[in-house]
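# Coordinate inspection notes
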Amino acid sequence: MDYEQIEKYVKERLSEKRFIHSKGVAKRAVELARIYGEDEEKARLIGIAHDIAKEIPKEEALKYAIENEIEFDEIEKNEPGLWHSKIGADIVEKRFGFSKDMKQAVLYHTTGNVNMNTMDKIVYIADKTEENRTNRDLVIAREVSNQNLDKGLLLVAKRTIEYSLAKNSLIHPDTISLMNHIIMNNQNIN
């Protein structure tokens, strides 16, 4: 499928606000892909499709997960807002023919993961720093991620944890592990 077909499919399934966000993520992912030497078209496709399952009603999402043998860990079972990454990764592979690497970027875009490759990091950061996100911390993360991908990743992961704490939401251990991994492997990150 080409970008226009995927964009049309996404637009039909998301609210206007979420669709605008997805277009912003696609644009931001292309910017970061250009900076870090990744495939810009892949970044664009992943960006527009990353939230394809975000607005599926809970009951329908659970049914989809069961029918497609998608398993949730204990945190995910208690935090349905995290389901869309796994369901979305399944959808983009089956419906759009996304490669394993492209599917992985959709899978990791919400919680992050210590095994993220450059494209995964780009999509994770793009999701949180696209132009429609105006939080001051995210604007700073946008600027930092243009200079250093891991520093940007760390700022975004920290902001994600702070946001979850403020909402009294569960924090997925992959996000905490990602933060620790970045700090441990980048001596001069701060």
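Here the structure is shown first, and the text comes after it.
Residues numbered from 1 in each chain as written. Predicted model: local features only at pLDDT ≥ 70, side-chain atom pairs only at ≥ 80, totals over all residues. Heavy atoms only, no water.

## Considering helix 9 (residues 136-147)
Heads up, the rule is: Each helix corresponds to a stretch of at least 4 residues labelled H or I by DSSP, and each strand to a stretch of at least 2 residues labelled E; elements are numbered beginning at the N terminus. Multiplying one less than the number of residues by 1.5 Å gives the expected span of a helix. Each residue is assigned to one of three classes by its accessible area relative to the maximum for its type, calculated with a 1.4 Å probe on protein chains only: buried under 20%, partly exposed between the two thresholds, exposed over 50%. The reported arc concerns the directions from the helix axis to the C-beta atoms and nothing else. The contact rule is simple, with two residues in contact once any of their heavy atoms fall within 4.5 Å.
For helix 9, with 12 residues, the first-to-last C-alpha span of 17 Å sits near the 16 Å given by 1.5 Å per residue. Leu138, Ala141, Arg142 and Ser145 are the residues of helix 9 that are buried. Around the axis of helix 9, the buried residues are gathered within 105° of arc, so they sit on the same side. In this structure, helix 9 carries Arg136, Glu143 and Gln147 as exposed residues pointing more than 90 degrees from its buried face. Elements that come into contact with the buried residues of helix 9 comprise helix 2 (16-36), helix 8 (118-129) and helix 10 (149-166).

## Re the packing of helix 1 (residues 3-13) against helix 2
Inclusion rule: For helices, the fitted axis covers only the stretch in contact; all axes are lines through C-alpha atoms, and the angles between them, taken along N-to-C directions, range from 0 to 180 degrees. Any angle from 65 to 115 degrees is called roughly perpendicular, while one under 35 is roughly parallel, one over 145 is roughly antiparallel, and all others are oblique. We call a crossing left-handed when the near helix sits turned anticlockwise from the far one by less than a right angle, and right-handed when that turn is clockwise. Ten residues, namely Ala, Val, Leu, Ile, Met, Phe, Trp, Tyr, Cys and Pro, are considered nonpolar, four, namely Asp, Glu, Lys and Arg, are considered charged, and the remaining ones, Gly among them, are considered polar.
Viewed as axis vectors pointing N to C, helix 1 and helix 2 meet at an angle of 150°, and their least axial separation amounts to 10 Å. The orientation of helix 1 with respect to helix 2, classified from their angle, is roughly antiparallel. Considering how the two elements wind past one another, helix 1 and helix 2 form a crossing that is right-handed. Of helix 2, the residues touching helix 1 (which contributes Tyr3, Glu7, Val10 and Lys11) are Phe19, Lys23 and Ala26. A class-by-class count of the residues in the contact of helix 1 with helix 2 yields four nonpolar, no polar and three charged.

## Describing the side chain of Ser85
Here Ser85 shows up in helix 6 (residues 83-96). On the basis of relative accessible area, Ser85 is assigned to the buried category, the value being 4%.

## Brief notes about the packing of aromatic side chains
Spelled out, the test is: Aromatic rings from Phe, Tyr and Trp, taking only the six-membered ring of Trp, are treated as a pair when their centres fall within 6.5 Å; an angle between ring planes under 30 degrees marks them as stacked, one over 60 as edge-to-face, and anything in between as tilted. Whether a charge sits over a ring comes down to the Lys NZ or Arg CZ being within 6 Å of the ring centre and within 35 degrees of the ring normal.
Tallied over the entire structure, the rule returns three aromatic pairs. Aromatic pair Phe72 and Trp83: ring centres 5.0 Å apart, planes at 10°, arrangement stacked. Here Trp83 lies in helix 6 and Phe72 lies in the loop between helix 4 (58-67) and helix 5 (74-78), a separation of 11 residues in the sequence. By way of ring pairs, the aromatic residues Tyr9, Phe96 and Phe98 are connected into one cluster. For the cation-ring pair, Arg13 lies above Tyr9, with the distance from its terminal atom to the ring centre recorded as 3.4 Å. Across from the ring centre of Tyr3, 3.5 Å away, lies the NZ or CZ of Arg44, which sits over that ring.

## A word on helix 8
When the terminal C-alpha atoms of helix 8 are compared, their 16 Å separation across 12 residues agrees well with the 16 Å that a helix rising 1.5 Å per residue should span. In terms of burial, helix 8 is a largely internal element, 11 of the 12 residues being buried. What helix 8 keeps buried is the set Met119, Asp120, Lys121, Ile122, Val123, Tyr124, Ile125, Ala126, Asp127, Lys128 and Thr129. The inward-facing, buried residues of helix 8 abut helix 2, helix 3 (40-49), helix 7 (100-108), helix 9, helix 10 and helix 11 (173-185).

## Side note on the packing of helix 2 against helix 9
Helix 9 packs onto helix 2 with a crossing angle of 30° between their chain directions and a minimal axis gap of 9 Å. By the angle between their directions, the pair helix 2 and helix 9 is classed as roughly parallel. Listed contacts from helix 9 to Arg28, Leu32, Ile35 and Tyr36 of helix 2 are Arg142, Ser145, Asn146 and Gln147. Here the residues of the contact of helix 2 with helix 9 sort into three nonpolar, three polar and two charged.

## Quick word on unusual backbone geometry
A positive phi angle, near 55°, is found at Glu69, a position not held by glycine. Mapped onto the fold, Glu69 is located in the loop between helix 4 and helix 5. A residue is classified by how much of its surface remains accessible, and Glu69, at 72% relative accessible area, is exposed. At Asn168, a residue that is not glycine, the phi angle is positive and equals roughly 55°. Looking at where Asn168 falls in the secondary structure, it is placed in the loop between helix 10 and helix 11.

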